[in-house]
Amino acid sequence: MPSISRDEVAHLARLARLAVTDDELDLFAGQLDVILQSVATVGDIATADIPPTSHAVPLTNVFREDVVRPSLGQQQALAGAPAAEDGRFRVPRILGEQA
Amino acid sequence: MNELIRSTAAELAAKIASREVSAVEVAQAHLDRIGEVDGAVHAFLHVDTEGALRAARAVDDDVAAGRAVGPLAGVPLALKDVLTARGMPTTCGSKLLEGWQPPYDATVTRRLREAGIVILGKTNMDEFAMGSSTENSAFGPTRNPWDLDRIPGGSGGGSSASLAAFEAPLAIGTDTGGSIRQPGAVTGTVGVKPTYGGVSRYGLVAFSSSLDQAGPCARTVLDAALLHEVIAGHDPLDSTSIDAPVPPVVAAAREGATGDLTGVRVGVVTQFSGDGYQPGVLRSFEAAVAQLKQLGAEIVEVSCPSFDYALPAYYLIAPSEASSNLARFDSMRYGIRVGDDGTRSAEEVMSLTREAGFGAEVKRRIMIGTYALSSGYYDAYYGSAQKVRTLITRDFERAFGEVDVLVSPTTPTTAFRIGERTDDPIAMYKADLCTIPANLAGTPAMSVPSGLSDEDGLPVGLQVMAPALQEHRMYRVAAAYEAARGQVIADVPALAGAR
């Protein structure tokens, strides 16, 4: 298995929306490398003929009755929001200036 | 008061129902105990004194009015801070959710309330249930009541420590890779991971959705069984909830307590021994197996070769699911928000918030999961781990074709020292070596105290595993074993006021 570089860890952090610090990059690069080397051993016994299991208890097409039931009101839904305005979640801009 | 906090849940419920003692007195005794020792133990993140007393008064009113109450009505309980409960914060041990008040009750919480169980508060845990020591809590570690310099296990260290410290007779934990059973083992208490889908996950903040399972924690097998029957059962709000009758675990615990295991076939998993296992743990386990044999059980050695790959498979599957699940903590709808100064984009605020709100272990796992799921690596990592999951399930099926239950030590070692493994993730992960296979296969498993290790005097757990929806088998065996060896917790930790 290829080892994981500091740059790759920085890329992963960007993908995962984690603004990690330089110190963390140093720490995590070493640790992630050790962890990934260690877990790569799954490849030793996972041969092509074995089907994957995504879920221990196979259930498909689970539906419940389509009936109206109580749900959270607007106030309750917004009660834990970091910022709210006019009965909606207030968020930072999601589009760039040029968009 | 001392007598009340040392009572079992079954004893307390009987006394409350017969008005020998009031639910308010019982709740107050436990609240007093929390006030007395939790400064040292730190099992609780939040204590809801008012809510607990109000719930207790409601039970007393019902009893006084002659209304029928449930088998655990009025008994206090400690709830792991990963399950939502209205009127209390839910933090999951994370700064990111500090102070968040959920707008709804988890199904488990609702069932507890309907049963008249008195919720004392929320217990400490590794952040988002990721860890084996409770040291990953953003709010400081919980300490093991048997030795305050040692970890109480994790992620549910707060729940198990609250039992061992006699702050609560019942607790709820969640178990993704051992987070109920491993804390149970190292604190000398009972912890049960039910069959996946046996207890609703609605309102359980998701870590690894295909593995997470809530379950009962107690000081006796019967108490765990009573609590199991309160929280288990089908829930339409959880699409992975199993629509089948709850296994008769209370009857099994009572039957087991008679001490006869004639005709029961017990499999000893040969993979769970050797290097990395503390000799005192293995000696305790061998003594437990001898005890089961003496009770009439037939002992068979069983080989489950793929169990050797359970740990690496778990540390791919769980982080992968976590990396996806924790994407919801985006600082937009709940939780803290950092860096929103009017100039930054949503994406920048998201990244700054997650950086400030998540601890190191959560970040590590999110990145491992992101890596394992990325194109080019998916087949080698996540795909292979899912194949190992198939092999582990097959090993269990083969084993349960030969035996009724499987047994092993719950953990390779007794409680380690606080700080001992924090810089070494792999060493920390190994605490879950024996507990993980049952999560990957979705089968039930429990830990019951098997005495103290002869080299360090710390608690050891015996793990009993059963096939899916056959919980009654393991409760019967665990109850028989408990009755024969006597309660370990009677030896009590050296906490002020505990003796």
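Residues numbered from 1 in each chain as written. Chains lettered and ligands numbered in written order. Predicted model: local features only at pLDDT ≥ 70, side-chain atom pairs only at ≥ 80, totals over all residues.

Chemist: Before we go on, may I ask you to explain the overall build of chain A in this structure?
Modeler: Counting its secondary structure elements, chain A contains 3 helices and 2 strands. For chain A, whose C-alpha radius of gyration is 23 Å, the value lies well above the compact-globule estimate of 13 Å for 99 residues. In terms of overall dimensions, chain A has a C-alpha envelope of 55 × 45 × 30 Å along the principal axes. Burial analysis of chain A (99 residues in total) assigns 20% to the buried set. (Helix = DSSP H or I, 4+ residues; strand = E, 2+ residues; numbered from the N terminus. Rg over C-alpha atoms; globule rule 2.2 N^0.38 Å. Buried ≥ 20, exposed ≤ 12 C-beta atoms within 10 Å, placed from the backbone.)

Chemist: What is the right way to look at the nonpolar core in this model?
Modeler: Counting 178 residues, the largest nonpolar core has B:L77, B:V118 and B:V464 as the members making the most contacts within it. B:L77 has contacts with B:L112, B:I117, B:V118, B:I119, B:L120, B:A168, B:L170, B:A171 and B:I172, leaving out every residue within four places of it along the chain. (Core = buried A, V, L, I, M, F, W, Y, C linked by C-beta atoms within 7 Å. Contact = placed C-beta atoms within 7 Å.)

Chemist: Looking at this model, I keep getting lost on the interface of chain A and chain B. Mind explaining?
Modeler: A common way to express how large an interface is: the accessible area buried when the components associate. Facing 46 residues of chain A, the contacting portion of chain B comprises 59 residues. Contributing elements (two or more residues each) for the side of chain A that touches chain B: helix 1 (6-15), helix 2 (22-39) and helix 3 (74-78) of chain A. The element contributing the most residues to the side of chain A that touches chain B is helix 2 of chain A, with 8 residues. The class makeup of the residues in the side of chain A that touches chain B is 34 nonpolar, 9 polar and 3 charged. (Nonpolar A, V, L, I, M, F, W, Y, C, P; charged D, E, K, R; others polar.)

Chemist: When you look at the UniProt feature "active site" (unreviewed entry) in chain B in this model, what are you seeing that I'm missing?
Modeler: All names here are of chain B. Residues annotated in UniProt with the feature "active site" (unreviewed entry) correspond here to K80, S155 and S179. Judged by maximum C-alpha separation, these annotated positions cover 100 residues in sequence but sit close together in space, the widest gap being only 10.8 Å. Structurally, the position occupied by S155 is in the loop between strand 3 (118-123) and helix 6 (157-164). The residues touching S155, leaving out its near neighbours within four places in the chain, are M125, D126, A129, M130, G131, T134 and S179. Assignment of secondary structure puts S179 in the loop between strand 4 (170-174) and helix 7 (181-187). Owing to 36 C-beta atoms within 10 Å, S179 belongs among the buried residues under this scheme. For S179, the contacting residues outside a window of four places in its chain are A129, G154, S155, G156, G173 and T174. (UniProt positions renumbered as here; feature names shortened; annotations may be inferred.)

Chemist: Would you take a moment to explain helix 13 (residues 360-373) of chain B for this structure?
Modeler: One turn of the α-helix equals 3.6 residues, which is why residues spaced by three or four share an orientation. Residue and element names in this part refer to chain B. Counted at 1.5 Å a residue, the expected span for helix 13 with its 14 residues is 20 Å, and the 20 Å between its end C-alpha atoms agrees. With respect to burial, helix 13 is a largely interior element, 11 of its 14 residues being buried. Turning to helix 13, its buried residues are V362, K363, R364, R365, I366, M367, I368, G369, T370, Y371 and A372. (Expected span 1.5 Å × (residues − 1).)

Chemist: Can you walk me through the packing of helix 2 of chain A against helix 11 (residues 310-325) of chain B in this structure?
Modeler: How two helices sit against one another is set out by the angle between their axes and by the gap between those axes. Axis separation between helix 2 of chain A and helix 11 of chain B bottoms out at 8 Å; the angle between their running directions is 125°. Of the possible angle classes, the one that applies to helix 2 of chain A and helix 11 of chain B is oblique. Along its contact with helix 2 of chain A, which presents A:I35, A:S38 and A:V39, the element helix 11 of chain B presents B:P312, B:Y315 and B:L316. The residue makeup of the contact of helix 2 of chain A with helix 11 of chain B, split by class, is 5 nonpolar, 1 polar and no charged. (Axes fitted to C-alpha atoms, helices over the stretch in contact; angles between N-to-C directions. Parallel < 35°, antiparallel > 145°, perpendicular 65-115°, else oblique.)

Chemist: Help me out: how do you make sense of the pairing of strand 10 (residues 445-452) of chain B in this one?
Modeler: In the case of a regular strand, side chains alternate between the two sheet surfaces. Residues and elements named next belong to chain B. With 7 of 8 residues buried, strand 10 is to be regarded as a mostly interior element. Two strands pair when backbone bridges link them, and strand 5 (residues 190-193) and strand 10 are joined in this way by 3 bridges, in the antiparallel orientation. Paired with K193 across the two strands is A445, which belongs to strand 10. Strand direction decides the pairing type here: strand 10 and strand 11 (residues 459-465), joined by 6 bridges, are antiparallel. Within strand 11, the position partnered with V448 by the bridge is L462. In this antiparallel pair of consecutive strands, strand 10 and strand 11, the connection spans 6 residues, and G457 shows a positive phi of 70°. (Pairing = 2+ DSSP bridges.)

Chemist: I keep staring at unusual backbone geometry and nothing clicks. Help me out?
Modeler: All names here are of chain B. In the segment running from G154 into S155, the intervening peptide bond is cis, with an omega of 10°. Unlike most non-glycine residues, H42 shows phi in positive territory, near 60°. Within the secondary structure layout, H42 lies in the loop between helix 3 (23-41) and strand 1 (44-47). The residue L469 is not glycine, and still its phi comes out positive at about 60°. Here L469 lies in the loop between strand 11 and helix 17 (471-485). In this structure L469 comes out as partly exposed when scored by C-beta crowding, with 19 C-beta atoms within 10 Å.

Chemist: Would you mind showing me how to read the sheet that holds strand 4 of chain B here?
Modeler: Strand-to-strand pairing in sheets goes through backbone hydrogen bonds, with the strands running parallel or antiparallel. Residues and elements named next belong to chain B. With mixed pairing, the 11 strands of this open sheet are ordered in space as 1-3-2-4-6-5-10-11-9-7-8. Strand pairing shows two members of the sheet lacking a second neighbour, strand 1 and strand 8 (298-302), which therefore form its edges. Neighbour to neighbour, the strand axes of the sheet diverge by 30° on average, direction disregarded. As judged from the 3 bridges shared by strand 1 and strand 3, these two strands associate in the antiparallel manner.

Chemist: What should I look at first to understand helix 2 of chain A in this one?
Modeler: With 18 residues, helix 2 of chain A should cover 26 Å at 1.5 Å per step; its first-to-last C-alpha distance of 25 Å lies within 8% of that length. In this fold, the buried residues of helix 2 of chain A make contact with helix 1 of chain A together with helix 11, helix 13 and helix 15 (425-429) of chain B.

Chemist: Looking at this model, I keep getting lost on the pairing of strand 9 (residues 405-409) of chain B. Mind explaining?
Modeler: Residue and element names in this part refer to chain B. The buried count for strand 9 comes to 5 of 5 residues, which makes it a mostly enclosed element. Looking at chain direction, strand 7 (residues 265-269) and strand 9 are connected through 3 bridges and run parallel. By the bridge assignment for strand 9, G267 is matched with L406. Where strand 9 meets strand 11, 4 bridges bridge the pair, whose relative direction is antiparallel.

Chemist: Just to check I follow, could you spell out the packing of helix 11 of chain B against helix 14 (residues 379-402) of chain B for this structure?
Modeler: All names here are of chain B. Where helix 11 meets helix 14, the closest approach of the two axes is 9 Å, and the angle between their N-to-C directions is 125°. The angle between helix 11 and helix 14 falls in the class oblique. Between helix 11 and helix 14 lies a crossing of left-handed hand. Across from A310, A313, L316, I317 and S320 in helix 11, the residues of helix 14 making contact are Y381, Y382, A385, V388, R389 and I392. (Left-handed = near helix turned anticlockwise from the far one by under 90°.)

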